[in-house]
Amino acid sequence: MTTINRVERIMEGFDPVKNGLDEDFVLTKLTAMKGCGCKVPRDVLLQLLQTFKTDLVINNDEVDIGLDSCVIPLRHPGLRLVQTTDFFYPLVDDPYIMGRITCANVLSDLYAMGVSECDNMLMLLGVVVELNEHQRDIIVRLFIQGFKEAADEANTKIRGGQTVRCPWLLLGGVATSVVHESEIIKVDRAVPGDVLVLTKPIGGQVAVNSYEWIKKNNGKIEELGLDTAKIKKAFKQACEQMSRLNRNAAKLLHKYEAHSSTDVTGFGLLGHAENLSRVQKQPVEFLIDELPIIEYMSEIVDRMIQKGGEGFRLYEGRSAETSGGLLIAMSEENAKNYIAELSSLDNAPAWIVGRVFEKTGESIARIVPNAEGDEFDSKVEKIYNDLKNSSIERQEDLAYNPTGELTQIDIWGPEDGEKVLIMIHGGYWLFGNRKKCLAVVPVAQKLGFTVVSVGYDYANKDHPLSKTIEEALDGVQEYANEDHFTILTELINENSSVHTDFFNFLHSV
C-alpha cells in the first residue's frame, strides 16, 4: 500500500469519486456530532465521576481518574504503565485524514504526560449500519491506513482493537506505554510566576462547522456575509494541525523542565486549564490573556455574536478542539526557548498565552475579559502590512515549476542585489501565511540583502529533500542574473522534516 502524503492530501481535498465512492458521498453525514464536540460537558462528567468516591487525582506516583492518562505503578521498581483511551465521531469527510486525526488525538493524551514513546495501540471502530458493503470496504480501508500511518510516524504499532456495527460511525483507540518514572512529567508542579504555553491555535470547531455550512448550503454563509475561500483555507489549516502529532511538544517538555501540562480537546482551552489547575500541589490560578485563533475564525465568531449567537463560546475558552495543542506551565525563560525549538521542529508557531498566579479566591482558571485574539500573531501581521505599503521593490507569485502554487517565488528588493537571502519553506506558504516568513525582510534589507521567499514541492521517499533544494535553487536562478550560487551553511539535514523552515544564506560568486 502506497504511503499517502498527509499535507498534500489535505491541500488537494477529498474526492469521493477518485476513491471509488459516489459523487455526493459525505462522511460527516453519518453522525450528528463532530469530533471531540461529542464529549459529555465537563461539569456533568465531574458529578458522574463522584461515584468513584475519590478526590485524589494524583496520589504520589499514581495518576487516577481526571487527567489525560492514568499512571499505574507496576510491581517492578521504577516502572509505570501509562494508558489512555479516546473515541469520537468523524468531523472531516476524508476517511484517511480522519484516521490520522483519530490516532493523533489518542496519542496526545500520552504526550501530555511527557511520554513521547508509545509501546502499543488498539484501534476502535464502529462501522455505521447505513453503509453498503462497497462503501464500508473503502471507508474502513482508508481510515485504517490513516490511523496506521500516524502510528508509524509515532514509532508505535497497532496490535489489536475492536470493530462493531453502530448507528453512527465511531472512531477511536487505546494507547499504552510502559516507562521508567523519569519519562513522565510531574504535571502538578506549576508555581506562581510560571507562564502558560499553547502549542496549537484554537478555533477548530469554528473551522469545521463553518466548512459544513458551505457543504450544506444552509444559508449561514449568506446570512453572516462570510468569505468561503477564507473558510476553506482555515479548514485546511485545522485539518493540518489536528492530524499533526504532539510528539515533538512532548519530547521538549523534559528538556525545558515543564512543571505541568495537558492537551486541549473537547472541554476547550479554559475547561482543560481548569482541570489542570485544580490538581496542582500549590494553590494557583491560571490566568489566560491571549487567544491564538485560526485565521478568519474570530471574524466568523464576531458576526455570530452580532446576530445574537454564542460564537461557539470561542472567546470564553469553551469551544471544543479535536487533537488540539498542549497547554503547558513552565518558567518564562524556558518557555521562550521551548517555543523557538518547537517552532523549528514542527514548522508551526506556539504562544505564551497566560501566567500562573497564587490563588486568592474561588477561581482556579479564567480568561481575562477582552483577552487579545491573536490570529497567528498580530505583530507579524503588522510587519507584513508595513512591508506591503513600503517602497521596497517586490515581485510576488512568480511560478518556477509547473507543479503549481507551491512552487512560486516572492522577491523583495532589487533583482541585481549583490547579496541574496533565500528562504526555502513549505508550511506557511501552504496555508497562505507566508507573511510569517517575510517578517525577516526589514532586517535583511538593512543588512543589504535582497530576500527571495521560495515555496517548494513536498519531499517524499521518491523525492528527497536534496532534490527539493536543488529545484528551489534552480527556480531562484531563473530570476537571477548570476550564473550560480554558493551555499554558505552546511545545516541541511536529509532526515529533517520536509515541513521545517530552514534558512540558507547564499551569495553570488
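Placed above this text is the structure.
Residues numbered from 1 in each chain as written. Predicted model: local features only at pLDDT ≥ 70, side-chain atom pairs only at ≥ 80, totals over all residues. Heavy atoms only, no water.

In this section: unusual backbone geometry. Notably, N155 is not glycine yet its phi reads approximately 60°, a positive angle. Classification of N155 as exposed rests on a relative accessible area of 55%. A positive phi is found at N347, a non-glycine position, where the angle reads about 50°. As for its placement among the helices and strands, N347 is situated in the loop between helix 11 (332-346) and strand 12 (351-358). (Buried < 20%, exposed > 50% of the residue type's maximum accessible area, 1.4 Å probe, protein only. Helix = DSSP H or I, 4+ residues; strand = E, 2+ residues; numbered from the N terminus.)

Here the focus is the packing of aromatic side chains. Aromatic ring pairs are reported here in terms of the distance separating the ring centres and the angle at which the planes meet. Within this structure, the stated rule accounts for 5 aromatic pairs. Ring geometry for Y211 against F235: centres 3.9 Å apart, planes inclined by 5°, an arrangement best described as stacked. Taken together, the residues Y211 in helix 5 (residues 204-216) and F235 in helix 7 (residues 228-243) connect sequence positions 24 residues apart. Residue classification places F235 among the buried positions, given a relative accessible area of 10%. Summarising the aromatic geometry, the rings of W213 and F312 are spaced 6.3 Å apart at their centres and angled 25° between planes, so their arrangement reads as stacked. Here F312 lies in the loop between helix 10 (297-306) and strand 11 (326-330) and W213 lies in helix 5, a separation of 99 residues in the sequence. With respect to burial, W213 and F312 carry one shared label: buried. (Phe/Tyr/Trp six-rings, centres within 6.5 Å; stacked < 30°, edge-to-face > 60°.)

Soluble globular proteins tend to bury their nonpolar side chains together. Membership of the largest hydrophobic core comes to 107 residues, with the highest contact counts inside it found for V92, L107, M121, F286, M297, I300 and Y338. Broken down by element, the residue count for this core peaks at 10 residues, all from helix 3 (residues 95-111). Those residues in contact with F286, other than ones at most four positions away along the chain, are A190, L196, A273, L276, S277, Q280, R355, V356, I364, A365 and R366. (Core = buried A, V, L, I, M, F, W, Y, C linked by side-chain atoms within 4.5 Å. Contact = heavy atoms within 4.5 Å.)

Another point: helix 7. One full turn of an α-helix is made of 3.6 residues, so residues set three or four places apart face in the same direction. End to end, helix 7 covers 22 Å across 16 residues, agreeing with the expected 22 Å (1.5 Å per residue, within 8%). Inspection of helix 7 places I231, A234, F235, Q237, A238, C239, E240, Q241, M242 and S243 among the buried residues, and these make up the whole buried set. Where the residues of helix 7 are buried, they touch helix 1 (6-12), helix 3, helix 5, helix 6 (220-224) and helix 10. Of the residues that open helix 7, the one with a side-chain oxygen 3.0 Å from the backbone nitrogen of A229 is D227. (Expected span 1.5 Å × (residues − 1). Polar contact = N/O pair within 3.5 Å; in protein donor to acceptor, adjacent residues only side chain to side chain.)

For I184, the position within the fold is in the loop between strand 7 (170-180) and strand 8 (195-198). Setting aside its immediate chain neighbours within four residues, I184 contacts V71, R80, V82, M113, V115, V179 and H254.

This part is about the side chain of N246. Looking at the element boundaries, N246 is found in the loop between helix 7 and helix 8 (247-255). Here N246 falls in the buried class, since its relative accessible area comes to 4%. In this structure the side chain of N246 is engaged in a polar contact, spanning 2.9 Å, whose partner is the backbone oxygen of G324. Apart from residues no more than four positions distant in its own chain, N246 is found in contact with S108, Y111, T199, K200, G324, G325 and L326.

This next bit is on helix 8. Where helix 8 is concerned, the buried positions are R247, A249, A250, L252 and L253. One or two residues past the end of helix 8 sits E257, with phi positive at roughly 55°.

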